[in-house]
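# A closer look at the structure
Single-letter residue listing:
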Amino acid sequence: MLARTILLTTIVLCLLLGACAGFNGSPQTLPTVLIDRPVYFTNRDGSDTVARPGLYEVMPSGESGLRLTSPSHGEFLIRATSFTYDEELAAPVALAVPDNESDYHVVLLTPGGTGLDAAGSLTQVRSRGIGSGSLSKSKIKEALARLHARQQMAETLKAYPRLPLGQNEWQYQIDGQWMTESRALDYLARRGK
């Protein structure tokens, strides 16, 4: 349990540090997304693939695909649908957005109001229409707002006492409780500070 908490804390930290990074060819600057459960996607060739839980770098792959790359799980080229959105961004942003009980989307938003949406499923058995519908603009806006709120909360953590859990991993003391970074961010968000 502690190992899983430490892993999730590390992944969330990487997500927060890399989610708004731009493309310039360096792996450290690619937008990243945390996939927190197995998700079934359709490859560009029409076959199925599963993205295991982990942190993935996200890049466009042509006009109708995304390239997900993970040091632990390899590389996937998955089908995506292009769309437009209304938010202003200075750099590309990747989002992982659960949508109802079985659908899951990985979305890449690029500056200029265009994006790619790869629709997946949490179950191996999927309906024929899966992968053809894009995530609603309101859900994308909500996911962006949550991402920005977590990034702002990460700044507030600097004001709290911390102890190392491992290399670049910390636990924080908030209101007399020690908690991992991920739990601390969630706690502060619920508390509204």
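The structure this text deals with has already been given above.
Residues numbered from 1 in each chain as written. Predicted model: local features only at pLDDT ≥ 70, side-chain atom pairs only at ≥ 80, totals over all residues. Heavy atoms only, no water.

### Details of the packing of aromatic side chains
For clarity, the cut-off: Whether two aromatic rings pair depends on their centres lying within 6.5 Å, for rings of Phe, Tyr and Trp, where Trp uses its six-membered ring; planes under 30 degrees apart make the pair stacked, over 60 edge-to-face, and the rest tilted. Helix and strand definitions here come from DSSP, where helices need a minimum of 4 consecutive H or I residues and strands a minimum of 2 consecutive E residues; each element is numbered from the N-terminal end. Only protein chains enter the accessibility calculation, which uses a 1.4 Å probe; a residue whose area is less than 20% of its type maximum is buried, one above 50% is exposed, and one in between is partly exposed.
Taken as a whole and assessed by the stated rule, the structure comprises 2 aromatic pairs. Considering the side-chain rings of Y56 and F76, the 6.2 Å spacing of their centres and the 55 degrees angle between planes classify their relative orientation as tilted. Of this pair, Y56 sits in strand β4 (residues 54-60) while F76 sits in strand β6 (residues 74-79), and the two are 20 residues apart along the sequence. Take Y56 and F76: they sit in the same class, and that class is buried. Look at F83 and Y85: their rings are 6.4 Å apart centre to centre, the planes differ by 55 degrees, and that puts the pair in the tilted class.

### Points about the packing of helix α2 (residues 137-156) against helix α3 (residues 181-191)
Rules: To get an axis, a line is fitted to the C-alpha atoms, and for a helix only the part in contact is used. The angle between two axes follows their N-to-C directions and goes from 0 to 180 degrees. Geometric relationships in this document are graded by angle, where less than 35 degrees denotes roughly parallel, more than 145 denotes roughly antiparallel, 65 to 115 denotes roughly perpendicular, and other angles denote oblique. Here, two residues are considered to be in contact whenever any of their heavy atoms come within 4.5 Å of each other. Each residue is assigned to one class: nonpolar for Ala, Val, Leu, Ile, Met, Phe, Trp, Tyr, Cys and Pro, charged for Asp, Glu, Lys and Arg, and polar for all the others, Gly among them.
The contact between α2 and α3 brings their axes to 9 Å, and the two run at 105 degrees. It follows from the interaxial angle that α2 and α3 lie roughly perpendicular. Listed contacts from α3 to R150, M153, A154 and T156 of α2 are S182, L185, D186, L188 and A189. Taken together, the residues that form the contact of α2 with α3 break down as 5 nonpolar, 2 polar and 2 charged.

### Points about the nonpolar core
As a reminder of what qualifies: Side-chain atoms within 4.5 Å are what join buried Ala, Val, Leu, Ile, Met, Phe, Trp, Tyr and Cys residues into a set we call a nonpolar core.
In terms of nonpolar packing, the biggest core is built from 18 residues, with I35, F41, V58, L66, L68 and V106 touching the most fellow members. Elements supplying a minimum of two residues to this core: β1 (32-35), β2 (39-42), β4, β5 (65-70), β6, β9 (103-110) and β10 (114-121). Counting residues per element, this core draws most heavily on β9, at 3 residues. Apart from residues no more than four positions distant in its own chain, L68 is found in contact with I35, F41, Y56, E57, V58, G74, E75, F76, I78 and V106. By size, the runner-up hydrophobic cluster in this structure holds 13 residues, among which are F83, L89, V93 and L109.

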